[in-house]
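The lines below spell out each chain.
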Amino acid sequence: MDLEKHWDTIFSTSNDDVLGWFEKDFSQTKKFLEKVENLEEATVFVSGAGVSRVTDELAKRAGKTILNDISKEALNSLRNRISNDKVEYFLHDISKPFEKSCNLWMDRAVLHFLTDEKDIQEYFKSLKKSLLKNGYVLFAQYTQGTATKCATLPLHQYSIEEFKERLGNDFELVCSEDYNYTMPNGNNRLYIYALFKKNS
């Protein structure tokens, strides 16, 4: 499948508020962001930003925000909505190698779309290279026992144990929480939120 075309089609033909992962109320994500020290001075990398409304909040609060997506349609939508010279728009497939220095790496509902082991490993390599010492990683992904597909694509379900294993000993868990997310269509999906800190 041509994933870039797949996501371009979704973001160019669907209203934001009907997308299965759309957050009208992103208080759950904000609750975890409040635990990040010195967010006002931080460079925040948002993996697979899509058209998320939390990006507007980050653009106002963070020192710099790097909004990443595989879809140019999503990034164009963000450009039209967010006018801020502290925002960088980064068109890139997160399963391919890259490095962007940051103090916070945030990924809500994106990592779980990577199902090939090689792609997942490349993602975590890029994360570890990009994140500076004492930086944070915030994950919010589908957890075990919930949906196996989203946007017609298969999903990889996560647990705290797998996050710990893939991040390695340089990272410590700050906090985590299971969260029952209600989709725009009323269906529920179980997410796991996890905030880690890099110690070296």
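Refer to the structure above for everything that follows.
Residues numbered from 1 in each chain as written. Predicted model: local features only at pLDDT ≥ 70, side-chain atom pairs only at ≥ 80, totals over all residues. Heavy atoms only, no water.

### Details of the packing of aromatic side chains
Working definition: an aromatic ring pair is given by the centre-to-centre distance plus the angle between the planes.
Point 1. Considering all chains together, one arrives at 17 aromatic pairs under this definition.
Point 2. Centre to centre, the rings of F32 and Y193 are 5.3 Å apart; their planes meet at 35 degrees, and the pair counts as tilted. Taken together, the positions of F32 in helix α2 (residues 27-33) and Y193 in strand β9 (residues 188-198) put the pair 161 residues apart, joining distant regions of the chain.
Point 3. Overall, the relative accessible area of 1% leaves Y193 in the buried class.
Point 4. Seen in terms of ring centroids, Y179 and Y193 are 5.6 Å apart; in terms of plane orientation they differ by 85 degrees. Their pairing is edge-to-face. (Phe/Tyr/Trp six-rings, centres within 6.5 Å; stacked < 30°, edge-to-face > 60°. Helix = DSSP H or I, 4+ residues; strand = E, 2+ residues; numbered from the N terminus. Buried < 20%, exposed > 50% of the residue type's maximum accessible area, 1.4 Å probe, protein only.)

### Remarks on the sheet that holds strand β2 (residues 64-69)
Point 1. One open sheet holds the seven strands; their spatial order is β3-β2-β1-β4-β5-β9-β8, and the pairing between them is mixed. The open sheet has two edge strands with one neighbour each: β3 (87-91) and β8 (171-182). The average angle at which neighbouring strand axes cross in this sheet is 15 degrees, direction not considered.
Point 2. Summarising the sheet, β8 and β9 pair through 11 bridges and their orientation is antiparallel. Paired with N180 across the bridge in β9 is L190.
Point 3. Against the sheet, helix α3 (residues 54-61) engages β1 (43-46), β2, β3 and β4 (102-108), with an angle of about 150 degrees to β2.
Point 4. With respect to the sheet, helix α5 (residues 117-130) is in contact with β4, β5 (131-142), β8 and β9, its orientation differing from that of β5 by roughly 145 degrees. (Pairing = 2+ DSSP bridges. Axes fitted to C-alpha atoms, helices over the stretch in contact; angles between N-to-C directions. Contact = heavy atoms within 4.5 Å.)

### Overview of the packing of helix α1 (residues 3-13) against helix α4 (residues 72-81)
Point 1. The interhelical angle for the contact between α1 and α4, taken along N-to-C directions, is 40 degrees, at an axis separation of 7 Å. When the interaxial angle is binned, α1 and α4 end up oblique. From α1, E4, D8, F11 and S12 reach across to α4, where they touch K72, E73 and A74. (Parallel < 35°, antiparallel > 145°, perpendicular 65-115°, else oblique.)

### Considering unusual backbone geometry
Point 1. Although it is not a glycine, A109 adopts a positive phi angle of roughly 65 degrees.
Point 2. Residue position: A109 is located in the loop between β4 and α5.
Point 3. A positive phi angle is found at N134, which is not glycine, with a value near 65 degrees.
Point 4. Positionally, N134 belongs in strand β5.

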